[in-house]
Amino acid sequence: MSGVNNEGFVQIEDLDQHAADAHRPTMAERQRVDYRTIAKDVGRLGEGKQYFIRTHGCQMNEHDTEIMAGMLEEMGYAPANVIEDADFVLYNTCAVRENAEDKVFGHIGTLKPIKAKNPNLLIGLCGCMAQEEVVREKVRVKHPHVDIVFGTHNIHMLPELIEQAHHSKETIFEVWDAAQGTVENLPKMRKDGVRAWVNIQYGCNKFCTYCIVPFTRGEERSRLPEDILNELRELAAEGYKEIYLLGQNVNDYGLDLGHIDFADLMDMAAGVEGIERIRFTTSNPWNFTDKLIDTIARHDKICNNIHLPAQSGNSQVLRRMKRGYTREEYLDLVERIKARIPDVSLTTDIITGFPGETEEQFQDTLSLLETVRYDSAYTFIYSPRAGTPATRLPDDVTEAEKKDRLLRLIGLQERITSEHAQEMVGKVYSVLVEGESKTNKNVLQARTESNKIVHIEGFTPDEIKSMVGQMILAKIVESKTWNLRGELLPEGVTV
Ligand code: 5AD
Ligand code: SF4
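Just so it is clear, the model here is predicted, and its values are computed rather than measured.

**Thoughts on the site of ligand 2**
Close to ligand 2 lie Cys-204, Lys-206, Phe-207, Cys-208, Tyr-210, Cys-211, Val-213, Pro-214, Gln-248, Trp-286 and Arg-323. Here the residues of the shell around ligand 2 sort into eight nonpolar, one polar and two charged.

**Looking at the site of ligand 1**
In the neighbourhood of ligand 1, the contacting residues comprise Val-96, Arg-97, Tyr-210, Gln-311, Asp-349, Ile-351, Phe-380, Ile-381, Tyr-382, Ser-383 and Arg-385. The contact in question runs from a nitrogen atom of ligand 1 to an N or O atom on the backbone of Tyr-210, over 3.0 Å. Within the backbone of Ser-383, a nitrogen or oxygen atom sits 2.7 Å from a nitrogen atom of ligand 1. Look at ligand 1: alone it shows 400 Å² of surface, and the protein chains cover 85% of it. Classifying every residue of the shell around ligand 1 gives six nonpolar, two polar and three charged.

**As for the UniProt feature "domain: TRAM" (unreviewed entry) in the chain**
Mapped onto this numbering, the UniProt entry gives "domain: TRAM" (unreviewed entry) at residues 422–490. Secondary structure across residues 422–490 divides into 14% helix and 48% strand, with the first and last C-alpha atoms of the span separated by 23 Å.

**Let's talk about the packing of helix α3 (residues 59–74) against helix α6 (residues 158–166)**
Axes are the key here: two packed helices are described by the angle between their axes and the distance separating the axes. Where α3 contacts α6, the two axes come as close as 9 Å, and the packing angle between them is 55°. With respect to each other, α3 and α6 are oriented oblique. Of α6, the residues touching α3 (which contributes Met-68, Met-71 and Leu-72) are Leu-158, Pro-159 and Ile-162. Its residues assigned to classes, the contact of α3 with α6 comprises six nonpolar, no polar and no charged.

**Some words on the packing of aromatic side chains**
One pass over the full model with this rule turns up seven aromatic pairs. For the ring pair Tyr-77 and Phe-88, a centre distance of 6.2 Å and an interplane angle of 45° mean the geometry is tilted. Taken together, the positions of Tyr-77 in the loop between α3 and β3 (78–79) and Phe-88 in strand β4 (residues 88–93) put the pair eleven residues apart, joining distant regions of the chain. Of the two residues examined, Tyr-77 and Phe-88, each falls in the buried class. The interplanar angle of 35° and the centroid separation of 5.7 Å between the aromatic rings of Tyr-325 and Tyr-330 together place this pair among those described as tilted. Of the two residues, Tyr-325 and Tyr-330, neither departs from the other in class, the shared state being buried. Taken together, the aromatic side chains of Tyr-210, Phe-354 and Tyr-382 make up a single cluster linked through ring pairs. Against the face of Phe-173 rests Arg-140, its NZ or CZ located 4.6 Å from the ring centre.

The rules behind these values
- Residues numbered from 1 in each chain as written.
- Chains lettered and ligands numbered in written order.
- Predicted model: local features only at pLDDT ≥ 70, side-chain atom pairs only at ≥ 80, totals over all residues.
- Heavy atoms only, no water.
- Near = heavy atom within 4 Å.
- Nonpolar A, V, L, I, M, F, W, Y, C, P; charged D, E, K, R; others polar.
- Polar contact = N/O pair within 3.5 Å; in protein donor to acceptor, adjacent residues only side chain to side chain.
- Areas by Shrake-Rupley, 256 points an atom, 1.4 Å probe, with all protein chains shown as cover.
- UniProt positions renumbered as here; feature names shortened; annotations may be inferred.
- Helix = DSSP H or I, 4+ residues; strand = E, 2+ residues; numbered from the N terminus.
- Axes fitted to C-alpha atoms, helices over the stretch in contact; angles between N-to-C directions.
- Parallel < 35°, antiparallel > 145°, perpendicular 65-115°, else oblique.
- Contact = heavy atoms within 4.5 Å.
- Phe/Tyr/Trp six-rings, centres within 6.5 Å; stacked < 30°, edge-to-face > 60°.
- Buried < 20%, exposed > 50% of the residue type's maximum accessible area, 1.4 Å probe, protein only.
- Lys NZ or Arg CZ within 6 Å of the ring centre and 35° of its normal.

What follows is the structure in structure tokens.
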């Protein structure tokens, strides 16, 4: 078990055991199942009823919600505009930080009196929180008005769980410890008509010491390339232009398949006709090979926009996080990427207040931001997650210090982000039209390759509709806090 070294920290090497203990399924053990062959036919149980799904967390969850919406609509359910109208309310949850969990229980609590008045209301809880025993216990004890609890490995069971719930007065718990394979041909109700999320890989084998994801999402499993390519071709035929390849660790794609890696997959994806842009998330600093950098550089369709979570700029903190790289190695990777892709836009995730983080170590994170000059950063205060190794590390950083560091980090990144945006003013970019802006029907919303939103004024809603999915040239005339203001280049003008 863990020893304590002379710095007083639990020896991180011992935590490698976690990863070593994880059982990796072989190809023979892996199952690829077709939803159409395993789905229980529950008929049109949702006919005349409405559903509302509240989604927390990452794009994986957003996409799982699209899949569950697809299953519900096949059952006859229609989407409700407001939660109050819904006959079925589902919470698709995130377990990465504690405050997200608290919010979910807060919401579920507010449904208690509503359910008391309307016993036909069904309430479900799924996603990463459902994988945690402590959460299930809390549902049992404090929230027995929840009807269904199911986890990340069996979302395909939603229709039959709803059917069971109709006959049960007790909460139904159907949470699996591990995935039995990958499920293909799931129905999907995609939210957007231009950009589509596509899962390429599930789970994570990395066991960073603060992170609960390997426990809630299980081991890394790659979808077969032919299934992914078929989905991309279907999406292209339906008119989708931008694809977001999703996985917890996309650059580990294929390690479990053996004959293909992420760069190969991207090469193939870039060959799908009709798809204009390919994005991917989350790519991590490991397995970011020169071959992968070269593949991104070589294909115009693959966006020069890379999310590269650093978590910290200090090598000792990185070691305690068990990230597997030092500050120098991370910066070397950034240099290699920038040398090959000069206009790359980099984004990152940073955790402040990791157990034992000193002010000096935090200064290294600030200097990392200054050196890399990320386009944007997602910043978090460390949140201890039950069952993760970092909870055993001594922590003498006060809450006030953690918050202060977060604010300083955000302040610095906001300055860098706005400097990047300022540099874009006066330049012309090829942007993909997504539709109307959320706040004004006469403003067109488009997106740059670096994932920035550009608003262009002076259109009718019909004009905007006819341009959705087109690539147009826009000159940036102003940078605002959350987006850029652009102007359309006159017809015939090229750059
Ligand atoms: N506390 C704070 N942030 C966390 N993240 C993951 N686990 C924790 C935790 N326990 C952050 C990491 C990760 C992002 C998705 O969430 O920065 O990259
Ligand atoms: Fe969590 Fe990402 Fe580390 Fe996996 S690689 S353990 S998902 S932070």
